[in-house]
Amino acid sequence: MKAYRASLLRFAPHGDPHQSAIFDEDGLLVVGPDGSGCPVVHAAGSYHSLRANLRDQFPNLEVQHLPGRIIAPGFIDLHLHYPQTQVIGSPAAGLLPWLEKYTFPEEKNFSAPDYAAQEASFFIAEVLRNGVTTALAFASSHPASVNALFTEAKARNMRLITGKCLQDRNSPDGLRDETEQSLIDTEALIRRWHGKGRLGYAITPRFAPSSTDAQLRGAGELAARYPDVWIQSHVAENTDEIKWARELFPKSRSYLSTYADFGLMRERAVYAHSIHLDDADRNLMRATGAAAAVCPTSNLFLGSGFFDFAASDRAGFAYGLASDVGGGTSFSPFHTMLAAYYVGRAPVAGLAPQPGLSLSPQLLWWRHTAGAARAMGLEGVVGNLQVGCEADFIVLNPKATPLLARKAAQASSVDELLFAMIVLGDDRLIENAVIST
Ligand code: GUN
Ligand code: ZN
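Attention here is on the structure that accompanies the text. This one's a predicted model, so the numbers in the text were calculated from it and none came from an experiment.

1. What about the coordination of the zinc ion (ligand 2)?
So, point 1. Here the zinc ion (ligand 2) is held by the protein donor atoms His79 (NE2), His81 (NE2), His234 (NE2) and Asp324 (OD), which lie 2.0 to 2.3 Å from it.
So, point 2. Considering all 4 donor atoms around the zinc ion (ligand 2), the spread of angles at the metal, 89 to 164 degrees, places the coordination shape in the irregular class.
So, point 3. Sequence spacing of the donors to the zinc ion (ligand 2): H-x1-H-x152-H-x89-D. Residue His79 is located in strand S5 (residues 75-81), and its partner Asp324 is located in the loop between strand S13 (318-321) and helix H12 (333-345); the two are separated by 245 residues in the primary sequence.
So, point 4. What makes His79 buried here is its relative accessible area of 2%.

2. Observations regarding the packing of H12 against helix H16 (residues 414-424)
In a packed pair of helices, the relevant descriptors are the angle between the two axes and the axis-to-axis distance.
So, point 1. For the pair H12 and H16, the least separation of the axes is 7 Å and the interaxial angle reads 100 degrees. Classified by the angle between their axes, H12 and H16 sit roughly perpendicular to one another. Along its contact with H12, which presents Phe334, Met337, Leu338 and Tyr341, the element H16 presents Phe419, Met421, Ile422 and Val423.
So, point 2. Its residues assigned to classes, the contact of H12 with H16 comprises 8 nonpolar, no polar and no charged.

3. What to know about the environment of Gly131
So, point 1. Structurally, Gly131 is set in the loop between helix H3 (113-129) and strand S6 (132-138).
So, point 2. For Gly131 and Asn432, which are 301 residues apart along the polypeptide, the C-alpha to C-alpha distance reads 7.4 Å.
So, point 3. For Gly131, the contacting residues outside a window of four places in its chain are Gly74, Phe75, Ile394, Ile430 and Ala433.

4. Notes on empty space enclosed by the protein
Which parts of space are left empty comes out when a probe the size of a water molecule is rolled across the atoms.
So, point 1. Applying the stated rule across the entire model yields 2 cavities of 30 Å³ or more.
So, point 2. Roughly 110 Å³ of volume is contained in the largest cavity.
So, point 3. Lining the largest cavity are 14 residues, and of these Leu95, Trp98, Leu99, His234 and Glu237 lie nearest its centre.
So, point 4. Looking at the lining of the largest cavity element by element, the count peaks at 3 residues for helix H2 (residues 95-108).
So, point 5. A breakdown of the residues in the lining of the largest cavity according to their chemical character gives 5 nonpolar, 5 polar and 4 charged.
So, point 6. In terms of lining, the second largest cavity is formed by Gly74, Thr133, Thr134, Val382, Gly383, Glu390 and Asp392.
So, point 7. Across the lining of the second largest cavity, the residue classes break down as 1 nonpolar, 4 polar and 2 charged.

5. Observations concerning the site of ligand 1
So, point 1. The local shell around ligand 1 consists of His81, Gln84, Leu95, Trp98, Leu99, Arg206, Phe207, His234, Glu237, His273 and Asp324.
So, point 2. Take Gln84: an N or O atom from its side chain is 2.8 Å from an oxygen atom of ligand 1.
So, point 3. Between ligand 1 and the protein, one listed contact pairs a nitrogen atom with a side-chain N or O atom of His273 at 3.4 Å.
So, point 4. Burial of ligand 1 by the protein amounts to 100% of the accessible area it has alone, namely 280 Å².
So, point 5. Judged by the proximity of its atoms to the pocket grid, ligand 1 belongs to the largest cavity.
So, point 6. With 3 residues, the single largest contributor to the shell around ligand 1 is H2.

6. Some details on the nonpolar core
So, point 1. Counting 101 residues, the largest nonpolar core has Tyr271, Trp365, Leu396 and Met421 as the members making the most contacts within it.
So, point 2. At 7 residues, the largest contribution of residues to this core is made by H3.
So, point 3. Among the nonpolar cores identified, the runner-up in size contains 18 residues, and Leu136, Ala202, Ala291 and Val382 belong to it.

So, how was this worked out
Residues numbered from 1 in each chain as written. Chains lettered and ligands numbered in written order. Predicted model: local features only at pLDDT ≥ 70, side-chain atom pairs only at ≥ 80, totals over all residues. Heavy atoms only, no water. Donors = N, O, S within 2.8 Å, 3.2 Å for Na, K, Ca; no water. Tetrahedral: all angles 85-135°; square planar, octahedral: opposite > 155°, others 65-115°. Helix = DSSP H or I, 4+ residues; strand = E, 2+ residues; numbered from the N terminus. Buried < 20%, exposed > 50% of the residue type's maximum accessible area, 1.4 Å probe, protein only. Axes fitted to C-alpha atoms, helices over the stretch in contact; angles between N-to-C directions. Parallel < 35°, antiparallel > 145°, perpendicular 65-115°, else oblique. Contact = heavy atoms within 4.5 Å. Nonpolar A, V, L, I, M, F, W, Y, C, P; charged D, E, K, R; others polar. 1 Å grid on protein atoms, 1.4 Å probe; cavity = no way out; pocket = protein on both sides within 12 Å on 5 of 7 lines; lining within 4 Å. Points joined across faces, edges and corners; volume = space filled by probe spheres on them. Near = heavy atom within 4 Å. Polar contact = N/O pair within 3.5 Å; in protein donor to acceptor, adjacent residues only side chain to side chain. Areas by Shrake-Rupley, 256 points an atom, 1.4 Å probe, with all protein chains shown as cover. Sits in = over half its atoms within 2 Å of the grid points. Core = buried A, V, L, I, M, F, W, Y, C linked by side-chain atoms within 4.5 Å.

Spelled out as structure tokens, the structure:
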């Protein structure tokens, strides 16, 4: 059993996410193994209210005091690509030329196990350095790339979900896979890795335009056979992409419903971007239990468009925030939350910007932690520091930079403190990311 005394941020499990943050200025987090040996939160709350009780229960409990620091749930990145770490900051006219010119050529390198291992090691270190303790990540189409990432995550006991890209057409030699073999490989990877420790597998059709009907059908069959395996893909990111998807799958009602037609929409299915949806699509998301990964830095960088937060909330489907590295421009959840805030203020579909704060600081933070966990079917498991949650947490130093130190010291509410960190924060704010082992 270990205990940490610092300011403590967590979220009320069923509260209104605009106001669900619970902040103990002088807080205590107690972590220890559950029945199966997995480290979980045993107690969380104010130091003074927990102290006496704990002394009786655990007389030898050592409390690590972290004055001036904030302990918060580790962030969840709902969508990013580990083979695109080197692709960050590659300018292109839009998604499709960016894929052709920079992304596909780099991903081809991941057929080499040594290269994949080197990049996996850098990627996991970078993600943790930025305070992300759970990730739903694309690998490349090569099974070796999946093995490399899982191996690295397992060594750190990190909760990581990944999968081999399925892309049996409209992809270059060296990246394009073969329909039947791709499905055999996917099933073998599921059996090898899914549910091993904290690892999970995601069936990963890259996007509908790069899969044949047969590959999508096979992916849907696997998704039915392995219901607790995740599904991840892209949808409705870019207008040229949408036009192409409609030409390739004309029988489906929409680009999104192509996935439903192949059995790829269900709980634990996460669709990156989900920008250019209509209300029928949004209702389909809700009805199937699928979720969206909202990727604002990527959408701004590639000029893809603006996620419609208001329409999504009206439809009531789950979504969370994601970096989408390397379309996204940063591994930092602070940069992603700030970009989401900008997008939330931007005019959508020609409408005037909404007055007032569409995305409150607490809501932004929730969508990158507890809300993201809900979107991926891991609510109460990760993304929060309530009793019973897995004990992944970050230690924030709000004095990390001179400007932030002044701003944070002035904050007179939780919202002001969180917003100071969202606007001014980056990897310097993360003093430590702790994966309890
Ligand atoms: N659509 C298909 N592949 C990709 C990718 O790698 N990145 C993004 N942003 N969109 C995609
Ligand atoms: Zn992506």
